[in-house]
Amino acid sequence: MTKKILIAEDEEDILELLSTILGDRGDYEILYSRDGEETLRIARVDNPDIILLDIQLPKLNGYEVCKLVKSDPTMSQTKVLMISGMAQNADWHKAQEVGADGYIIKPFSSIELVEKVEELLRND
Amino acid sequence: MSHYDNIFYRPLTDREQLRIVLFALFAFCILAVSLTFFALSIGKPYMGIRISNNNQGWAVEIADANGSASEAGIREGDRPVEVNGQPAQMFLEKYEKDSVIFGLLIRELTVVDDHGQLKSIALKDSSLSLQSLISQIIMSITCLVFWITGFYVFFKRPKNIAALLLCSCGLALGLSLGGNIAAERAIPTAVHWEIVASTVGPWLLLHFFLVLPEERTRLRANSLVYLIYLPAILTLVFYPLIGYADGQPLPLFRSIRWFEIGVGFLAAAGVAVFNYFHTASIRTRQQMKIVLISCLVAVVPFLVLSVLPEVIWGRTIIYSGFSVLLIVFIPLGMGYAVVTQKLMDIDVVIRRSVIYGLVSLVMAVILSAAIIPIVVSQELLGVPEEIALALAFGGVAAVLFGPTKKGIETLVDRLFYKDRYDYRQIIQSLSISLNSLKDFADISRLIVGTTVNTLNLAGGCLFVKAQSGSFEVGTTQGTYSDTSKQRQLLTLISKRSHMIEFPNSASTACSDLAFLIPLVAAEKEIGILCLSQKTTRQGFSSDDLFLLQGIASVAAIALHSAALIRDVSIRDNFVSIASHELRTPLTSIVGYTDLLLRRDPPEVTRKQWLKNIFDNSQRITAMVDDLLNVTRIQSGKAGLKLERVKLYDAFREQLSMIRESTDKHEFVVDIEPDLPDVLVDRDKFGQVLGNLLSNAIKYSPNGGRITISAHDDPQRHRIVVSVADEGIGIGPEDRDSLFTTFHRIQRPETQGIRGSGLGLYIAKEWTEVMGGEIWLEGELNKGSTFFVAIPTQNSDKVG
């Protein structure tokens, strides 16, 4: 079954980059969102298998979105992979606190990203 | 003479240096003359006598106890028989008119007393009595203390006219005493020196008290003040003309002179008392208090131990010469008043002296009470009972000591120190409260609030040194909440050339300002506490000053810790933001490069990916430039290349670049024609405009109009440029820190807006470096307008 990936990123070229890396593999259905509220809305409707969630999102930041996703029983199966420009331990701890399943630091290689995503989907 | 002379040190001018050298030369000449007189007189006997002609003929009027005449048994009332080897009548004939002859003219004398007994004295055969020698030595020591104090104070504060006058007073006293001793021994010219010195002396003292107070700084430079010497000058003019004949000063002149000296001393004392009661400056009051106390210390023992017993019992308790020695407290007190910066201890000393004096008195009364029953019941009591009773009273006295002291303290404080409070307790609790605070604003508020409320001040303001080294308002209270006053204070602080000393009275510099207190920690000035006068316009007590000193010290430590925490937090924040801002474009660069290496996309996609890589490289470059600019600003290494630039060209250059980045905005340019060129650093001015324009675009995400205007402000020789947008606006909470490093507006609408938080900081710093000013107008959700005023001609600040 085709897995649904929701990419939540407000930087246009990174959004494009992520969708190129993952979309070209053909076995994923890619959804997009550019701010926190939109991410929540799409997540609730489409119930994606994984959300690639940028921390610095407009309207609602990544931590807030993750917390809401994880507290919603209808999305209990949805994995969250946080994407962060912050490379400090405190950020990773904060991500764990809000229930993120994975954490990837910018900049990342395409292989690293794909591996992380596949690993999280395998555990599904 | 500048307003700030009394607050700040400055180097000596050539004229001042010349004045100091000339005075030093003059002073050493006078010192040499005085020392010569002392040297010539020490150990030499003198007649110590005055003979006057009353109605019953010539008789000894005064016989000085230390003089040789007195040693030979000559007493007041004895009649002269022979003077200087001549029959008395013959010798005294030519002094008939003056009716008086002084000892300095007499070398040999024979008198007859009421009992018909003859007494003779010849100076060449007599020797100086021990008492007379001691008296000479004591006078020399007194003069020495005056000289040493005078010269010390003068060389310590060479440009202080009060110090120079104190030195002059010492010289006048020395010359007057030396001249007097030498004149009695008939040493040539000594009498003239003595008269000149003693005539001028009191007026020098008056001059000293007139110019000592800080608020009379202007009087120091006013030559009219020298009119006070007129009586002394008139007296001295009168002296050679009609005041001196036959080798001695004439009686009439002596009366005029004593009158003139008396008036001089009274005037000096009057001014000193006036200064004490009418001064606005606490420093002056403390200075006068010190002088007053030193005068009391000098005079009271003399009165109590010498004058009073002599009047009552006809003899002194201690030798009167020793009381003269106490006069040394006067120059010491005056010198301390001129030189010292720590004046406030004196009030505490007085309070303690009064309290312990009264406690001793009460204790003495209680112990004396023990004697009464013992004396009364002497016959009934045996020795053991007497001892027991004495011990019992001693015990009572010991038990009562504590409560008595407490009671007297309360009474004295209630009567004389009404506004006294325990400054130690306030400082302690302030220190504890400050320990729990980390935020600059909270710390500043607590410091200013505690100070202003405890001392009942009209206003207070704390300037904190920012990272860039300039002073910024930390917090204000009361009258200093007014921004124009804050600007005035900032100007005052920035004009100084040296670290401010505390305590100082800043009242001459700014009428309602009482103190500028530097907050120093780790040898660095980290803030300045500006305090106004009290709302009641009362002066500051010594406790107030102790409190201020204590507050300054705990405040400095608290601000220093907060600054360290701020620096660490700013650095952490910097690393975090810089890392994030660099990582985001790096992600694109790494990601697309990775894709290009792994895949072979169609030409169009390839070009797009390469463009993404290029754009993000540009973004990193801009970020690195901003970081470098901040480093340059903060290290003070921002070089400035001023040139005349046409405003329109500068805008066109920036607009052409910025227009490409947006299609949602409409640009309106409203620049007055024929504007004069601005005098700016082209690159830095370009950055200022560029940063304002890019902010206008970023913070109006829904688009809208961006209006660029410029108009001339010929009166202030500047052009005011403005960039207005219709964006999200800036709330009051962001206004204060808008121009600081890494400040980002944290609102839901700004979460997607990228930026380093450095643009406005750089814009402000560059504008100010170029002698301009930057400010903001606008409301939340109603757009913002940034103004930049740039000079059109060279000002002091430029270059």
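Residues numbered from 1 in each chain as written. Chains lettered and ligands numbered in written order. Predicted model: local features only at pLDDT ≥ 70, side-chain atom pairs only at ≥ 80, totals over all residues.

Caption draft 1: Spatial organisation of the overall build of chain A. The helix and strand inventory of chain A stands at 5 helices and 5 strands. Each helix (α) and strand (β) of chain A, taken in turn from the N terminus, gives the series β-α-β-α-β-α-β-α-β-α. A buried classification covers 43% of the 124 residues belonging to chain A. Pairs at least 24 residues apart make up 58% of the contacts formed inside chain A by residues separated by at least 6 positions. (Helix = DSSP H or I, 4+ residues; strand = E, 2+ residues; numbered from the N terminus. Buried ≥ 20, exposed ≤ 12 C-beta atoms within 10 Å, placed from the backbone. Contact = placed C-beta atoms within 7 Å.)

Caption draft 2: Quick peek at the overall build of chain B. When you go through chain B residue by residue, the secondary structure sums to 23 helices and 20 strands. Looking at chain B residue by residue over its 799 residues, the buried ones come to 35%. Counting only contacts in chain B whose residues sit at least 6 apart along the sequence, the fraction spanning at least 24 positions is 68%.

Caption draft 3: Structural detail: the sheet that holds strand 4 (residues 79-84) of chain A. Residue and element names in this part refer to chain A. One open sheet holds the 5 strands; their spatial order is 2-1-3-4-5, and the pairing between them is parallel. Every interior strand has two partners, whereas the edge strands, strand 2 (28-33) and strand 5 (102-105), have only one. In this sheet, neighbouring strand axes are inclined to one another by 20° on average, regardless of whether the strands run parallel or antiparallel. Two elements, strand 4 and strand 5, share 4 bridges in a ladder whose sense is parallel. Within strand 5, the residue paired with Met82 across the bridge is Tyr103. Against the sheet, helix 1 (residues 12-23) contacts strand 1 (3-8), strand 2 and strand 3 (50-54), and its axis sits at roughly 170° relative to strand 2. (Pairing = 2+ DSSP bridges. Axes fitted to C-alpha atoms, helices over the stretch in contact; angles between N-to-C directions.)

Caption draft 4: A look at the interface of chain B and chain A. The interface of chain B with chain A comprises 18 residues on the first partner and 21 residues on the second. The dominant element in the side of chain B that touches chain A, judged by the number of residues it contributes, is helix 18 (residues 542-598) of chain B, at 14 residues.

Caption draft 5: Quick peek at the confidence of the model for chain A. On average, chain A scores 88 in pLDDT, and the residues at 70 or more come to 98%. Considering each helix and strand of chain A separately, the mean pLDDT is smallest for helix 4 (residues 89-97) of chain A, with a value of 85, and largest for strand 3 of chain A, with 93. (pLDDT = per-residue confidence, 0-100.)

Caption draft 6: Main features of the confidence of the model for chain B. All names here are of chain B. A residue-level look at chain B finds 91% of positions with pLDDT of 70 or above and a mean pLDDT of 82. Within the model, pLDDT remains below 50 along residues 1-9, and this stretch shows 21 contacts once partners closer than five positions in the same chain are excluded. Considering only residues more than four positions removed or in separate chains, one finds that residues 795-799, a stretch of pLDDT under 50, has 9 contacts.

Caption draft 7: Fine view of unusual backbone geometry. In this chain, Lys106 of chain A is followed by Pro107 of chain A through a cis amide linkage whose omega measures -10°. Tracing the chain through its elements places Pro107 of chain A in the loop between strand 5 and helix 5 (110-122). Unlike most non-glycine residues, His717 of chain B shows phi in positive territory, near 50°. Relative to the helices and strands, His717 of chain B is located in the loop between strand 17 (704-713) and strand 18 (718-724). Judged by local crowding, His717 of chain B falls into the partly exposed class, with 14 C-beta atoms found within 10 Å.

Caption draft 8: Examining the packing of helix 4 (residues 130-156) of chain B against helix 5 (residues 161-184) of chain B more closely. All names here are of chain B. At their nearest, the axes of helix 4 and helix 5 sit 8 Å apart, and the two run at 160° to each other. As the angle between them shows, helix 4 and helix 5 are arranged roughly antiparallel. The two elements helix 4 and helix 5 cross, and the hand of that crossing is left-handed. Between helix 4, through Gln136, Met139, Cys143, Phe146, Trp147, Thr149, Gly150, Phe151, Val153 and Phe154, and helix 5, the contact on the second element is made entirely by Ala163, Leu164, Leu166, Cys167, Gly170, Leu171, Leu173, Gly174, Leu177, Gly178 and Ile181. Within the contact of helix 4 with helix 5, the residues separate by chemical class into 15 nonpolar, 6 polar and no charged. (Parallel < 35°, antiparallel > 145°, perpendicular 65-115°, else oblique. Left-handed = near helix turned anticlockwise from the far one by under 90°. Nonpolar A, V, L, I, M, F, W, Y, C, P; charged D, E, K, R; others polar.)

Caption draft 9: Main features of the nonpolar core. Residue and element names in this part refer to chain B. One finds Leu166, Phe208 and Phe209 to be the most contacted residues of the largest nonpolar core, which totals 76 residues. Counting residues per element, this core draws most heavily on helix 5, at 15 residues. Each of two domains, domain 1 (14-41 + 130-282) and domain 2 (49-125), supplies a minimum of three residues to this core. With residues near it in sequence (within four places) discarded, Phe209 still touches Ala268, Val271, Ala272 and Asn275. (Core = buried A, V, L, I, M, F, W, Y, C linked by C-beta atoms within 7 Å. Domains from an automatic or database assignment.)

Caption draft 10: Expanded view of the environment of Thr740 of chain B. Residues and elements named next belong to chain B. Looking at where Thr740 falls in the secondary structure, it is placed in the loop between helix 22 (732-735) and helix 23 (759-769). According to the C-beta neighbour criterion, Thr740 is partly exposed, with 17 such atoms within 10 Å. Between the alpha carbons of Thr740 and Ala466 there is a distance of 9.4 Å; along the sequence they are 274 residues apart.

Caption draft 11: Fine view of the sheet that holds strand 3 (residues 79-83) of chain B. Residue and element names in this part refer to chain B. Read from one edge to the other, the open sheet built from 4 strands follows the order 4-3-6-7, with strand pairing classed as antiparallel. Since the sheet does not close on itself, it has two edges, and those belong to strand 4 (86-87) and strand 7 (118-122), each with one partner. Where strand 3 meets strand 4, 2 bridges bridge the pair, whose relative direction is antiparallel. Counterpart to Val83 in the pairing with strand 4 is Gln86.

Caption draft 12: Seen up close, the pairing of strand 3 of chain B. All names here are of chain B. Bridge count between strand 3 and strand 6 (residues 108-112): 4 bridges; the pairing is antiparallel. When the bridges of strand 6 are listed, Val83 appears paired with Leu109. Where strand 3 folds back on strand 4, the antiparallel hairpin that results is connected by 2 residues, among which Asn84 adopts a positive phi of roughly 50°.

Caption draft 13: Focus on the packing of helix 15 (residues 423-435) of chain B against helix 18 of chain B. All names here are of chain B. Look at helix 15 against helix 18: their axes get within 9 Å of each other, and the N-to-C directions meet at 15°. As summarised for this structure, helix 15 and helix 18 are arranged roughly parallel, according to the angle between their axes. Crossing angle aside, the handedness with which helix 15 passes helix 18 is right-handed. The segment helix 15 lies against helix 18, with Tyr423, Ile426, Ile427, Leu430, Ser431 and Leu434 engaging Asp543, Phe546, Leu547, Gly550, Ile551, Val554 and Ala558. Residue composition of the contact of helix 15 with helix 18, grouped by class: 10 nonpolar, 2 polar and 1 charged.

Caption draft 14: Representation of helix 5 of chain A in the model. For helix 5 of chain A, built from 13 residues, the straight-helix expectation of 18 Å at 1.5 Å per residue is met to within 8% by its first-to-last C-alpha distance of 18 Å. All of the buried residues along helix 5 of chain A are Ser110, Leu113 and Val117 of chain A. The buried residues of helix 5 of chain A all sit within an arc of 70° when viewed along its axis, so they share a single face. In helix 5 of chain A, the exposed positions angled more than 90 degrees off the buried face are occupied by Ile111 and Arg122 of chain A. Those residues of helix 5 of chain A hidden inside the fold are in contact with helix 1, strand 3, strand 4 and strand 5 of chain A together with helix 18 of chain B. (Expected span 1.5 Å × (residues − 1). Arc of directions from axis to C-beta.)

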